[in-house]
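Architecture and fold: a report
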Amino acid sequence: MPDPISWQLALPYLIAALVFGYLLGSIPFGLLITRLAGLGDVRKIGSGNIGATNVLRTGRKGLAALTLLADALKGVVAVLVAGLYGPDQAVAAGLGAFLGHLFPVWLGFKGGKGVATYLGVLVALAWQGALAFALAWLSVAIVTRYSSLAALVAAVVVPVALYLLNHVQAAELFTLMSVIVFFKHRANIARLFKGTETRIGAKG
């Protein structure tokens, strides 16, 4: 059982790491990138999301790839910087970055669905889990061309893979994050069951 005094001393650092991660994660790169490219507000097209999948609906694959990379790097940087102060701080910052992307204060707490930032946190905390994510996502996406379904399957695979690899703390974190991913994709899940979900590369 953790020493309560040690826990009390560590708590401010964990909160600081969480806040740092949140602020970094809340940067809406998809919105900023499309506006700088002269495409207006990406929230007014497609799903209304600020993530890479919706940016792809503009027809600009390069911008979508840049958004994906930037959103993933938010998670990577948050974990690596906070990790300089300890593994618990790295985990807190990773969770913060994920939550910041989902609920950015600058956009009225209406952000993306977190998959790219989820992956970035995973790369920095447990790269083996990121390989499992990539394999699961690509397999499902290639077969079905549903980005949402690919993300949901990958979100199930990752915690299981981490537990099997004995990354217990990371597995617990990603179990929580995967539950949130499912919650954020509830509208997509409904459309998948109805057969009306938009496929990768489709506009509008």
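These remarks concern the structure in this document.

Rules behind the numbers
Residues numbered from 1 in each chain as written. Predicted model: local features only at pLDDT ≥ 70, side-chain atom pairs only at ≥ 80, totals over all residues. Heavy atoms only, no water. Helix = DSSP H or I, 4+ residues; strand = E, 2+ residues; numbered from the N terminus. Expected span 1.5 Å × (residues − 1). Buried < 20%, exposed > 50% of the residue type's maximum accessible area, 1.4 Å probe, protein only. Contact = heavy atoms within 4.5 Å. 1 Å grid on protein atoms, 1.4 Å probe; cavity = no way out; pocket = protein on both sides within 12 Å on 5 of 7 lines; lining within 4 Å. Points joined across faces, edges and corners; volume = space filled by probe spheres on them. Axes fitted to C-alpha atoms, helices over the stretch in contact; angles between N-to-C directions. Parallel < 35°, antiparallel > 145°, perpendicular 65-115°, else oblique. Left-handed = near helix turned anticlockwise from the far one by under 90°. Phe/Tyr/Trp six-rings, centres within 6.5 Å; stacked < 30°, edge-to-face > 60°. Salt bridge = Lys/Arg side-chain N within 4 Å of Asp/Glu carboxyl O.

Details of helix H5 (residues 87–102)
- End to end, H5 covers 23 Å across 16 residues, agreeing with the expected 22 Å (1.5 Å per residue, within 8%).
- With 13 of 16 residues buried, H5 is to be regarded as a mostly interior element.

Thoughts on the side chain of Thr 117
- Here Thr 117 is to be found in helix H6 (residues 115–125).
- Sequence-distant contacts of Thr 117, defined by excluding residues within four places in its chain, comprise Asp 71, Ala 72, Lys 74, Gly 75, Ala 97, Phe 98 and His 101.

Describing the layout of surface pockets
- Counted as a void, the largest pocket has a volume near 760 Å³.
- In terms of lining, the largest pocket is formed by 36 residues, of which the most central are Ala 52, Thr 53, Leu 68, Trp 137 and Ser 147.
- Sorting the residues of the lining of the largest pocket by element identifies helix H3 (52–56), helix H4 (61–83), H6, helix H7 (127–144), helix H8 (147–164) and helix H10 (186–194) as the ones contributing at least two each.
- Ranked by the residues each element gives to the lining of the largest pocket, the list is headed by H4, at five residues.

A closer look at the packing of H4 against H6
- Remark: H4 packs on H6, axes separated minimally by 7 Å, with the N-to-C direction vectors making an angle of 40 degrees. Looking at the two axes, H4 sits oblique to H6. The element H4 and its partner H6 pack so that their crossing is right-handed. Residues Leu 68, Asp 71, Ala 72, Lys 74, Gly 75, Val 76, Val 79 and Leu 80 of H4 form the contact with H6, whose participating residues are Ala 116, Thr 117, Gly 120, Val 121, Val 123, Ala 124 and Leu 125.

Section: the packing of aromatic side chains
- Following the criterion strictly, the structure yields three aromatic pairs and no others.
- Ring geometry for Tyr 118 versus Phe 133: centroids 5.8 Å apart, planes at 40 degrees, classification tilted. Taken together, the residues Tyr 118 in helix H6 and Phe 133 in helix H7 connect sequence positions 15 residues apart. Of the two residues, Tyr 118 and Phe 133, both sit in the buried class.
- Aromatic side chains Tyr 118 and Phe 174 sit 5.0 Å apart centroid to centroid with 75 degrees between the ring planes, which places their arrangement in the edge-to-face category. Separated by 56 residues along the polypeptide, Tyr 118 in helix H6 and Phe 174 in helix H9 (residues 168–184) bring together distant segments of the chain.

Focus on the pattern of salt bridges
- Taken as a whole and judged by the stated rule, the model has four salt bridges.
- Residue Arg 35 pairs with Asp 41 through a salt bridge whose shortest N-O separation is 3.5 Å.
- What makes Asp 41 buried here is its relative accessible area of 14%.
- The salt bridge involving Arg 191 is made with Glu 197; its shortest N-O contact spans 2.8 Å.
- With relative accessibility at 9%, the residue Glu 197 sits in the buried group.

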